[in-house]
Amino acid sequence: MIWDNNFAVSVIPLLLEGLWVTIKITLLGTTLAAALGLFFAILRRLAIPVLSLVVSFFVVFVRGTPLLVQAYCAFFVLPAYGISFDAFTTGVVVIGVNYSAYMAEVYRSGIQGVPKGQWEAATALSLPSVRTWGRIILPQAVRTVVPMLGNYLIQMFKDSAVLSAITVVELMATAQAIGSSSFRYLEPLTLAALLFLAVSYPASRLVNRLERRYAPQH
Amino acid sequence: MSAVIDYAPLLWQGLLTTILVAVLSGALCLVVAFAAGLARLSSHRFISWPAGVFIEVFRGTSLLVQMFWLFFALPFFGIQLHPLTAAVLALGLNEGAYAAEVVRGAIASRAKGQTEACIALGMEPALRLRRIIIPQSIPAMLPPFGNVMVDLLKNTSLVSLVTVADLTFRAQMIRSSTGQTTAIFLTILVLYFVLSYLLTLLTSWLERRFALDRRALAAQRKDSKMMKVGAA
């Protein structure tokens, strides 16, 4: 018998626990990425002499290097300088910072898409810059950005499996642990794949619908 | 820094393995992309439907899960793959599924008049795809293909988890034997960054090379330059 049904059923509760951790990482990581990404996008747009350049380089560098190596850096290098969190927190921070670099680009295109007249009108009304950003520009920019953020959320959900390499016990790590302790990899890995699919496929369908609804009206 | 210099030959071998994995899986990715992307567009249900399932399954699950499945679960069916084979297969199929959507999208968005003109000229479907539709779609495919290839390059680091001795794997080895964590990891971060930067340069060169209307592209670039000057 290649596929052992009883064994498969017996590992489902453990895998669901792992899935819950994966979902927690994704939600926390996306929140962090959305906030940091917005911060980076605004810093770049403000064109503060040195700072904006540093932020731009940081964004390009993060986008050009693998998530796994970034995770190793945070997990192995930072403790040497006295900064250490538990694996879960490190994982959330690493994946959040990684995705913030992508989200910064998304926000940037959203901000660029706001018509110039909106800026001019805000200047003409002599609105202070905080209100110009907070009440005029960002609400319009974020509207077009929402579906793209949804796509990154799904991407992060799948990418969070990489964090199993720094001992975060999420879905992938759980499946692997079950496999190595029982010497049966087929069932836990197949079920893990199905669980990933069961969440990400409906989610991407939903994002597609959002995309159509939030499409800019011309 | 001394560990990096002492272990430079080991890192160099790792870099070569990373490049090898990237080139092999990149080639597989292109083949899969065109095969699945074109099959997805087929009007025959029994061709387009399996392609759709393949694309959704590989895009919907994690690359790491796919790699581990090929490496750890496939032996239960009596198929034992070499780590490198499993890694290249997983990378190529996974990124190929993403690239298939690029192919599908680019071809589906071609102007209908081109297909109609081909039919009017009595071209066979295969000929019209090969001579007219695909060449016209390539400029539209190149920028997203570039993104997929950079993703693929970065994802080659995952092959270290199925014991392929790539750059990340070597770095882990050197880290555990010397303890000079910072220097090693910063070095490989920079190496990966340089590789992905080179890939971006290659893509933008190809984009210029394959542009349908080079004069229009030059004008467009001039415009965007002027806009940048205006913004500053």
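Each remark here, short or long, concerns the structure printed above.
Below: a short report on this structure.

What counts, and at which threshold
- Residues numbered from 1 in each chain as written.
- Chains lettered and ligands numbered in written order.
- Predicted model: local features only at pLDDT ≥ 70, side-chain atom pairs only at ≥ 80, totals over all residues.
- Heavy atoms only, no water.
- Helix = DSSP H or I, 4+ residues; strand = E, 2+ residues; numbered from the N terminus.
- Buried < 20%, exposed > 50% of the residue type's maximum accessible area, 1.4 Å probe, protein only.
- Contact = heavy atoms within 4.5 Å.
- Areas by Shrake-Rupley, 256 points an atom, 1.4 Å probe, with all protein chains shown as cover.
- Lys, Arg positive; Asp, Glu negative; His and termini not counted.
- Charge placed at Lys NZ, Arg CZ, Asp CG, Glu CD.
- Core = buried A, V, L, I, M, F, W, Y, C linked by side-chain atoms within 4.5 Å.
- Patch = residues over 30% accessible without salt bridge, like charges linked within 9 Å, V, L, I, M, F, W, Y side chains within 5 Å.
- Salt bridge = Lys/Arg side-chain N within 4 Å of Asp/Glu carboxyl O.
- Polar contact = N/O pair within 3.5 Å; in protein donor to acceptor, adjacent residues only side chain to side chain.
- Phe/Tyr/Trp six-rings, centres within 6.5 Å; stacked < 30°, edge-to-face > 60°.
- Lys NZ or Arg CZ within 6 Å of the ring centre and 35° of its normal.

### Side note on the overall build of chain B
Along the backbone of chain B there are ten helices and zero strands. Once the C-alpha set of chain B is aligned to its principal axes, its extents read approximately 70 × 60 × 25 Å. Every one of the 232 residues in chain B was classed for burial, and the buried ones make up 42%. Across chain B, the fraction of contacts at a sequence separation of at least 24, relative to all contacts at a separation of at least 6, is 74%. Carbon together with sulfur atoms contributes 67% to the accessible area of chain B, which is approximately 12100 Å² in total. Charged side chains of chain B number 20 positive and 11 negative; the gap between the two group centres comes to 6 Å.

### Re the nonpolar core
If you look at the biggest cluster of nonpolar residues, it comprises 106 residues, and the most contacted ones within it are L15(A), M67(B), F185(B) and I188(B). Here this core gets eleven residues from one element, more than from any other, and that element is helix α5 (residues 83-108) of chain B. Each residue touching M67(B), except ones within four places of it in the same chain, is listed here: A86(B), A87(B), A90(B), L91(B), L158(B), V159(B) and V162(B). Counting residues in each nonpolar core, the second largest holds seven residues, with F40(A), L43(A), V62(A) and A101(A) among its members.

### Overview of a nonpolar patch on the surface
Residues and elements named next belong to chain B. On the surface, V190, V194, Y197, L198 and L201 cluster together into a nonpolar patch covering about 450 Å² of accessible area. Assignment of secondary structure puts V190 in helix α9 (residues 181-210). Judged by relative accessible area, which is 43%, V190 ranks as partly exposed.

### Notes on the environment of L167(B)
Residues and elements named next belong to chain B. Among the structural elements, L167 can be located in helix α8 (residues 167-178). With a relative accessible area of 0%, L167 lands in the buried category. The spatial distance from the C-alpha of L167 to the C-alpha of L16 is 8.1 Å, given a sequence separation of 151 residues. Not counting residues within four places of it along the chain, the set of residues in contact with L167 comprises L11, G14, L15, T18, I188, L191 and Y192.

### Concerning unusual backbone geometry
Phi angles above zero are rare outside glycine, and S126(A) is one such case at about 45 degrees. With respect to the secondary-structure elements, S126(A) resides in the loop between α5 (116-124) and α6 (129-159). At T163(B), a residue that is not glycine, the phi angle is positive and equals roughly 65 degrees. Among the secondary structure elements, T163(B) is positioned in the loop between α7 (125-155) and α8. Classification of T163(B) by relative accessible area gives partly exposed; the value is 47%.

### Thoughts on the pattern of salt bridges
All told, the structure shown has five salt bridges over all chains when counted by the stated rule. Note that R44(A) and E105(A) form a salt bridge whose closest N and O atoms lie 3.0 Å from each other. Taken as a pair, R44(A) in helix α1 (residues 5-46) and E105(A) in helix α4 (residues 87-112) lie far apart in primary sequence, 61 residues in all. With relative accessibility at 22%, the residue E105(A) sits in the partly exposed group. A salt bridge links E101(B) to R104(B), with the shortest nitrogen-to-oxygen separation between them at 3.3 Å. Here E101(B) pairs with R104(B), and both are found in helix α5, just three residues apart, close to one helical turn. Members of the salt-bridge network, linked through shared partners, are R44(A), E105(A) and R108(A).

### Regarding the side chain of T190(A)
Assignment of secondary structure puts T190(A) in helix α8 (residues 186-214). A distance of 2.5 Å separates a polar side-chain atom of T190(A) from the backbone oxygen of L186(A).

### Focus: the packing of aromatic side chains
The relation between two aromatic rings is expressed through the spacing of the ring centres and the mutual angle of the planes. Enumeration over the complete set of coordinates arrives at 20 aromatic pairs over all chains. Between F34(B) and F145(B), the ring centres sit 6.3 Å apart and the planes meet at 70 degrees, which makes this aromatic pair edge-to-face. In this pair, F34(B) sits in helix α2 (residues 8-41) while F145(B) sits in helix α7, placing the two residues 111 residues apart along the sequence. By relative accessible area, which is 23% here, F34(B) ends up partly exposed. Clustering of aromatic rings is evident, with ring pairs tying together Y72(A), F75(A), F76(A) and F185(B). In this structure, K24(A) is placed above the aromatic ring of F88(A), and the distance from its NZ or CZ to the ring centre is 5.9 Å. Over the ring of F76(A) we find R175(B); its NZ or CZ atom is 3.6 Å from the centre of that ring.

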